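Now for the letters of each chain:
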Amino acid sequence: MGSFCYTFQLYFDFSGYTDMALGLGLMLGLRLPENFNSPYKSTGIVDFWRRWHITLSAWLRDFLYIPLGGNRAGRLKQYRNLFLTMLIGGAWHGAGWTFMIWGALHGLMLSVNHFFRAQIKGSRLEAILASAPLRLLSIAFTFLCINFCWVVFRALSLDGALRVYTAMFTGPFSLQPGPTGGLLPNHYFQGWQPFALLILCAVLVWAFPNSREILQGRRDGSRPWLAWRPSRLWASGLALLAFAALILVSRQSTFLYFQF
């Protein structure tokens, strides 16, 4: 339960701050690159890293994976390069075993995903992903793998991660916030609210379009969900309202990904 709560808490933090960065950049005349594209709708770990923290993925590819040799020297060396790239990417997040293990897990999963993609090529892969049941199964399995890795990413120690993993397999309420190293506050484990929160988050993540699809449409050229565009007067009024909200807000909230 705690792992899933953290997964969505991190998702919406990153999604929101990405949109804020893009919007602030446009206000200053800067067009920043896209950095977040519904990553929990991914059909595999390869697809996930094309959608999550896109700028970091591009940096890891251009400055680590390709200089290491990329896929130019056969599959085994490609898998080695993927593993080393993600291991270094994990260390970039922080000097700790938890981040190293997180990077190693993603490197391993990327290698496995690339292996199976090489076995199922072209039209066969497209046919599999075009089938609704198989596509949903791929998305669900990918999400579970990502969620499994977020535990060690978020935990303050290996012992805390182990306690969360134990709770994941022994029951949703066997985990208490004390031994997890402050993974989640106590109210996440009380009453029906955690289930309601998870359902709401799941609906928003998988059933609703992302901000790009709402304003610009999908990459395939489809029409945006929101055809209306604010005038300068609307935009100025909304900016003033947002500024007032920032001034008047009293509750402090730390961006979970800020330290990276």
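Residues numbered from 1 in each chain as written. Predicted model: local features only at pLDDT ≥ 70, side-chain atom pairs only at ≥ 80, totals over all residues. Heavy atoms only, no water.

Enquirer: Would you mind going over the side chain of Ser111 with me for this structure?
Expert: Looking at the secondary structure, you find Ser111 in helix α5 (residues 97–119). For Ser111, the side chain forms a polar contact with the main-chain oxygen of Tyr79, separated by 3.3 Å. At 2.9 Å, the side chain of Ser111 and the backbone oxygen of Gly107 are in polar contact. Those residues within four positions of Ser111 in sequence are excluded, and the remaining contacts are Tyr79, Leu82 and Phe83. (Helix = DSSP H or I, 4+ residues; strand = E, 2+ residues; numbered from the N terminus. Polar contact = N/O pair within 3.5 Å; in protein donor to acceptor, adjacent residues only side chain to side chain. Contact = heavy atoms within 4.5 Å.)

Enquirer: Before we go on, may I ask you to explain the packing of aromatic side chains in this structure?
Expert: Where two aromatic rings form a pair, the distance of their centres and the angle of their planes describe that pair. Applying the stated criterion across every chain yields a total of 23 aromatic pairs. Ring centres of Phe48 and Trp49 lie 5.5 Å apart, and the angle between their planes is 85°; on these two criteria the pair is classed as edge-to-face. An identical accessibility class is assigned to Phe48 and Trp49; each is buried. Between the aromatic rings of Phe99 and Phe153, the centroid separation amounts to 5.4 Å while the plane-to-plane angle is 80°, which identifies the pairing as edge-to-face. Remark: Phe153 occurs in helix α7 (residues 132–154) and Phe99 occurs in helix α5; sequence separation between them is 54 residues. Phe153 sits in the buried class, given a relative accessible area of 3%. (Phe/Tyr/Trp six-rings, centres within 6.5 Å; stacked < 30°, edge-to-face > 60°. Buried < 20%, exposed > 50% of the residue type's maximum accessible area, 1.4 Å probe, protein only.)

Enquirer: Would you take a moment to explain the pattern of salt bridges for this structure?
Expert: When their charged atoms lie close together, side chains carrying opposite charge are able to pair. For the structure shown, the criterion picks out four salt bridges. Across the pair Glu34 and Arg212 runs a salt bridge, and its minimum N-O distance is 3.7 Å. With Glu34 in the loop between α1 (2–27) and α2 (45–48) and Arg212 in helix α10 (residues 211–215), this residue pair connects regions lying 178 residues apart in the sequence. Ionic pairing is found between Asp62 and Arg61, a salt bridge with its closest N-O pair at 2.8 Å. (Salt bridge = Lys/Arg side-chain N within 4 Å of Asp/Glu carboxyl O.)

Enquirer: Just to check I follow, could you spell out unusual backbone geometry for this structure?
Expert: For residues other than glycine, phi is negative in most cases, and the peptide bonds are mostly trans. Despite not being glycine, Ser38 has its phi angle at roughly 45°, a positive value. Mapped onto the elements, Ser38 comes out in the loop between α1 and α2. Overall, the relative accessible area of 3% leaves Ser38 in the buried class. One non-glycine residue, His53, lies in positive phi territory at about 45°.

Enquirer: Where do I start with the packing of helix α4 (residues 75–93) against α5 in this structure?
Expert: When two helices pack together, their arrangement is given by the angle between their axes and by how far apart the axes lie. Their axes nearest at 7 Å, the elements α4 and α5 cross at an angle of 150°. Judged on the interaxial angle alone, α5 and α4 are roughly antiparallel. Like other packed secondary-structure pairs, α4 and α5 cross with a definite hand, here right-handed. A class-by-class count of the residues in the contact of α4 with α5 yields 14 nonpolar, nine polar and one charged. (Axes fitted to C-alpha atoms, helices over the stretch in contact; angles between N-to-C directions. Parallel < 35°, antiparallel > 145°, perpendicular 65-115°, else oblique. Left-handed = near helix turned anticlockwise from the far one by under 90°. Nonpolar A, V, L, I, M, F, W, Y, C, P; charged D, E, K, R; others polar.)

Enquirer: What exactly am I supposed to notice about helix α3 (residues 54–68) here?
Expert: Residues spaced three or four apart along an α-helix point in a common direction, a consequence of the helix completing one turn every 3.6 residues. With 15 residues, α3 extends 20 Å between its outermost C-alpha atoms, agreeing within 8% with the 21 Å of an ideal straight helix rising 1.5 Å per residue. If you look at α3, its biggest bend is around 35°, right at Arg61. Buried residues of α3: Ile54, Leu56, Ser57, Leu60, Leu64 and Tyr65, and no others. Against the buried residues of α3 lie α4. Gly69, located one to two residues past α3, shows a positive phi value of around 125°. (Expected span 1.5 Å × (residues − 1). Bend = angle between axes of the 7 residues up to and from the residue.)

Shape descriptors only; they carry no functional weight alone.
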